[in-house]
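Observations on the three-dimensional arrangement
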Amino acid sequence: SPLHAFLQALPKCEHHIHLEGALTPAMLFTLASRNNVTLPQDDAAFASPEALLARYGRFTFLDDFLHYYYIGMSVLISPNDFELLAWDYFQHAAADGVAHAEVFFDPQAHMERGVSYATVLKGFSTARERAQKELGISSELICCFLRHLPVPDCLATFEDPDVQESFVDGSVRGIGLDSSEKPFPPELFEEIYWRAGKLGLRRTAHAGEEGPATYITSALDTLNVERIDHGIRLADDKELMQRVVKSGTMLSVCPLSNVLLRCVKTVAEVPVRKFLDAGVKFSINSDDPAYFGGYILDNYCAVHEAFDLSVKEWAGVCRAGIEGSWCRQDRKDKML
Ligand code: ADE
Ligand code: ZN
């Protein structure tokens with residue numbers, strides 16, 4: 001349709017994509033076989049890529065998805081595996097008209113399996129360079145901490161010499177906070193975010209996905225975040241919404257993810273119209289495209305079908321996305 005072409009052509013920025021969430025069932029089975037990784041024998045979902053994909057369609061809540069997400073990434077072993085994964089994502093991003101991508105990764109989930117940070121970073125960095133060269137897609141890496149793990153473990157990862165080096169040399173632009181949201185409120189991670197700020201790192205955190213709006217307040221007050229990932233529960237608190245408008249904090253909204261994880265019943269229930277009317281800045285993102293049945297353009301199309309945004313409104317969403325990005329100003333100027 002003409003609209004699909006219009007949405008495809010918009011200079012889109014993606015701010016909420018977990019690279020491990022771009023692992024398709026096909027690639028999962030290929031890498032499991034190549035790396036001799038045994039998949040769970042007692043779960044019929046792992047009988048075939050088709051069965052696994054069908055299981056993904058029946059997620060009941062965040063932790064149900066995360067169970068499969070952490071098993072899935074256990075097939076990633078070598079730098080080449082991480083490169084393949086990220087390159088597959090960047091090719092989808094190019095087809096969908098992404099100009100700039102700020103991508104999450106979960107180093108703790110790999111390091112605790114004996115895969116080194118250097119291995120992960122090497123694969124992702126190679127794919128990023130190729131995406132810049134061959135696809136014209138610029139990107140930044142955001143290192144996420146797993147909130148279901150003990151805070152001292154997260155601090156130890158933060159202090160790991162290889163991790164520190166990536167923060168200082170600019171290969172990682174910022175930090176995030178993901179995994180099971182409840183009962184792990186943002187304030188638990190104040191120390192890490194304070195140290196990250198001192199290093200000049202950018203800061204975001206998942207908040208208000210399954211958890212309440214008070215988690216958004218805590219992320220702003222105690223973590224000093226510059227963005228909020230998901231943040232759909234913001235619509236429950238009018239005063240907080242006004243605060244977010246004033247501060248210009250951008251939300252990275254993931255509509256198909258919210259439906260698949262049953263945070264909302266339909267895309268129409270995502271507070272897109274409320275955010276537009278109130279002046280809350282947000283971008284539209286895929287979260288874990290291989291698990292939630294769609295890449296970024298599918299999310300744009302779903303939002304359009306549910307809310308029928310005007311051309312001017314779409315241009316505004318994309319402008320907010322560019323301005324809310326953590327790339328250099330000269331890159332922003334090129335996209336604007
Ligand atoms: N890790 C990957 N996707 C996530 C999500 N939507 N929420 C929390 N943690 C995640
Ligand atoms: Zn996420």
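Report on the accompanying structure. (Residues numbered from 1 in each chain as written. Chains lettered and ligands numbered in written order. Predicted model: local features only at pLDDT ≥ 70, side-chain atom pairs only at ≥ 80, totals over all residues. Heavy atoms only, no water.)

**Points about the overall build of the protein chain**
On a plain count of helices and strands, the protein chain comes out with 17 helices and eight strands. Its C-alpha atoms give the protein chain principal-axis dimensions of about 50 × 45 × 40 Å. Here the contacts in the protein chain between residues at least 6 apart in sequence split such that 76% fall between residues at least 24 apart. Accessible surface computed for the protein chain: about 13400 Å², of which carbon and sulfur atoms make up 53%. A distance of 6 Å separates the average location of the 32 positive side-chain charges in the protein chain from that of its 47 negative side-chain charges. (Helix = DSSP H or I, 4+ residues; strand = E, 2+ residues; numbered from the N terminus. Contact = heavy atoms within 4.5 Å. Areas by Shrake-Rupley, 256 points an atom, 1.4 Å probe, with all protein chains shown as cover. Lys, Arg positive; Asp, Glu negative; His and termini not counted. Charge placed at Lys NZ, Arg CZ, Asp CG, Glu CD.)

**Structural notes on the site of ligand 1**
Contacts to ligand 1 come from H18, L62, F65, L66, Y69, D178, S179, H206, E209, H230, D287 and D288. Note that a nitrogen atom of ligand 1 is positioned 2.8 Å from one of the side-chain N or O atoms of E209. The contact in question runs from a nitrogen atom of ligand 1 to an N or O atom on the side chain of D287, over 2.6 Å. Calculation on ligand 1 without its partners gives an accessible area of 260 Å², and the protein chains cover 100% of this total. Because more than half of its atoms lie within 2 Å of the grid, ligand 1 is assigned to the largest cavity. Looking at side-chain class alone, the shell around ligand 1 contains four nonpolar, four polar and four charged residues. (Near = heavy atom within 4 Å. Polar contact = N/O pair within 3.5 Å; in protein donor to acceptor, adjacent residues only side chain to side chain. 1 Å grid on protein atoms, 1.4 Å probe; cavity = no way out; pocket = protein on both sides within 12 Å on 5 of 7 lines; lining within 4 Å. Sits in = over half its atoms within 2 Å of the grid points. Nonpolar A, V, L, I, M, F, W, Y, C, P; charged D, E, K, R; others polar.)

**Thoughts on the pattern of salt bridges**
Enumeration according to the criterion identifies 12 salt bridges in this entry. Here R195 makes a salt bridge to E159, at a shortest N to O gap of 2.2 Å. With R195 in helix α10 (residues 190–198) and E159 in helix α8 (residues 151–159), this residue pair connects regions lying 36 residues apart in the sequence. According to the relative accessible area criterion, R195 is partly exposed, its value standing at 25%. Note that R233 and D236 form a salt bridge whose closest N and O atoms lie 2.7 Å from each other. Three or more residues are tied together by salt bridges with common partners; here these are E159, E191 and R195. (Salt bridge = Lys/Arg side-chain N within 4 Å of Asp/Glu carboxyl O. Buried < 20%, exposed > 50% of the residue type's maximum accessible area, 1.4 Å probe, protein only.)

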